[in-house]
Amino acid sequence: METYPAEKKKNQCFVMQPFGKSNHPETGKETDNDKVFEALKSLDRIRPTFPIRVYRADTEKYQQSQLHAHVIERLSEADFCIADITGRNSNVLYEMGFA
């Protein structure tokens, strides 16, 4: 993990999206959400003067029974969020309500 001087603290970007692969409810088209997340992580390299830590709920270990509490805690720490609502995933919509 990279370290930054205090003046260049990484901005926290929480990504709300399904994990793994999913199919769009109308088209049936498969999306590899993990690949989308990996692409979003490149946001950190766009502007070096605005360092960003891009993460989602499964970036850190958590207990499955505590997933909702874990997500809410991560949302409260985030400076901004990205929500992938392409497949209308109910968990993503739920998380958006807290954001």
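Quick summary incoming for the structure in this document.

About the cut-offs
Residues numbered from 1 in each chain as written. Predicted model: local features only at pLDDT ≥ 70, side-chain atom pairs only at ≥ 80, totals over all residues. Heavy atoms only, no water. Core = buried A, V, L, I, M, F, W, Y, C linked by side-chain atoms within 4.5 Å. Buried < 20%, exposed > 50% of the residue type's maximum accessible area, 1.4 Å probe, protein only. Helix = DSSP H or I, 4+ residues; strand = E, 2+ residues; numbered from the N terminus. Contact = heavy atoms within 4.5 Å. Polar contact = N/O pair within 3.5 Å; in protein donor to acceptor, adjacent residues only side chain to side chain. Disulfide = S-S within 2.5 Å. Axes fitted to C-alpha atoms, helices over the stretch in contact; angles between N-to-C directions. Parallel < 35°, antiparallel > 145°, perpendicular 65-115°, else oblique. Left-handed = near helix turned anticlockwise from the far one by under 90°. Nonpolar A, V, L, I, M, F, W, Y, C, P; charged D, E, K, R; others polar.

### Points about the nonpolar core
Reasoning step 1: Counting residues in hydrophobic clusters, the biggest one holds eight residues: F14, M16, Y55, A57, V71, L75, A78 and V92.
Reasoning step 2: Those elements that provide at least two residues to this core are β1 (11-16) and α2 (67-77).
Reasoning step 3: Not counting chain neighbours up to four residues away, the residues in contact with M16 comprise L75, C81, I82, A83, D84, V92, E95, M96 and A99.
Reasoning step 4: Counting five residues, the second largest nonpolar core, distinct from the first, contains C13, V15, I52 and V54.

### Quick word on the side chain of R53
Reasoning step 1: Structurally, R53 can be placed in strand β4 (residues 52-55).
Reasoning step 2: A polar atom in the side chain of R53 sits 3.0 Å from the side chain of Q12.
Reasoning step 3: Leave out the neighbours within four places in its chain, and R53 touches K10, N11, Q12, C13, T59 and E60.

### With respect to the state of the cysteines
Reasoning step 1: Applying the stated criterion to the full structure yields zero disulfides.
Reasoning step 2: Not part of a disulfide, C81 finds its nearest cysteine sulfur in C13, a span of 7.0 Å.
Reasoning step 3: Looking at C81, the relative accessible area reads 32%, which means it is partly exposed.

### What about the packing of α2 against helix α3 (residues 90-98)?
Axis angle and axis distance: for two packed helices, these are the angle between their axes and the distance between the axes, and together they describe the pair.
Reasoning step 1: Contact geometry of α2 with α3 gives a least axis separation of 10 Å together with a crossing angle of 45°. Viewed along their axes, α2 and α3 adopt a mutual orientation that is oblique. As for how α2 packs across α3, the hand of that crossing is right-handed. Touching H68, V71, I72 and L75 of α2 are Y94, E95 and F98, all from α3.
Reasoning step 2: Here the contact of α2 with α3 is built from residues that sort into five nonpolar, one polar and one charged.

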